[in-house]
Amino acid sequence: GVESSESTVRIGSIMALPAVLAALGENPDSVLAEAGFDIRLFDNPDNRVSFNARGKLLAHCVAKTGCKNLGLMIGQKSGLNSLGLIGLLMKQATTVGTALNCLRRYFHLHVRGATVTLESDGSSAVLCYTAYQSSANAGEQVGDGAVAILFNILRELCGPGWKPIEVRFARPIDDDIHPYRSFFKAPLLFGCTQNAVVFDGKWLNHRMPVCDP
């Protein structure tokens, strides 16, 4: 990988974890403590942990809860607000395309160890999340969460009329994909080369409802 010890993430990337643990009937304080984390880490979304530490924490939580779509559940509760200053900047952009280029350009401030890319051929656009390191610990959970966050960001930027063309996951297909179907309500592809959301390229020129350049 390009990154190693310098790979860190804002805790804002998994800010919803305590709430998700509670919803699954677990005590967030004790589950985090078992994994060597203090719940107070979640007091400030700008607090940082290493890329590997986040993976170990998610893996522990999956083992503890038995919930294989934990990453998806965390991502479902996250969007522009989880990005801190980047999210605020994106909300002030003139068009969706400008906002997404802000995300691409400044994503390293949110996560060091992964990138967001935006590709468009005019007819369709692909917003993709790629981790530099495979994150042996909970890589699938991180990927699921990232795709859900990208989906929520696009829905926030474009409004209720937006729908994806398809949603791609690098992870292999799960035994139960109902949680994915009910959330994304779009064609799903598993075992892909990327974690990405594909949508109509016309949305890149969509004017943002409130912009302050």
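Residues numbered from 1 in each chain as written. Predicted model: local features only at pLDDT ≥ 70, side-chain atom pairs only at ≥ 80, totals over all residues. Heavy atoms only, no water.

Draft legend 1. Structural context of the pattern of salt bridges. Here the structure, examined in full by the defined rule, presents seven salt bridges. Close ionic contact of aspartate 38 with arginine 40 constitutes a salt bridge, the shortest N to O distance being 2.7 Å. Here aspartate 38 falls in the partly exposed class, since its relative accessible area comes to 36%. Its relative accessible area of 58% is what places arginine 40 among the exposed residues. Residue aspartate 144 is joined to arginine 171 by a salt bridge in which the shortest nitrogen-to-oxygen separation is 2.9 Å. Taken as a pair, aspartate 144 in helix 7 (residues 139–158) and arginine 171 in the loop between strand 5 (166–168) and helix 8 (178–184) lie far apart in primary sequence, 27 residues in all. Relative accessible area serves as the criterion here: at 0%, aspartate 144 is assigned to the buried category. Connected through salt bridges with shared partners, the residues Glu140, Asp144, Arg171 and Asp174 form a single ionic network. (Salt bridge = Lys/Arg side-chain N within 4 Å of Asp/Glu carboxyl O. Buried < 20%, exposed > 50% of the residue type's maximum accessible area, 1.4 Å probe, protein only. Helix = DSSP H or I, 4+ residues; strand = E, 2+ residues; numbered from the N terminus.)

Draft legend 2. Structural view of the packing of aromatic side chains. For the structure shown, the criterion picks out 10 aromatic pairs. Centre to centre, the rings of phenylalanine 151 and phenylalanine 183 are 5.1 Å apart; their planes meet at 55 degrees, and the pair counts as tilted. Of the two residues, phenylalanine 151 is situated in helix 7 and phenylalanine 183 in helix 8; the sequence distance between them amounts to 32 residues. Take phenylalanine 151: its relative accessible area is 3%, and that puts it in the buried class. (Phe/Tyr/Trp six-rings, centres within 6.5 Å; stacked < 30°, edge-to-face > 60°.)

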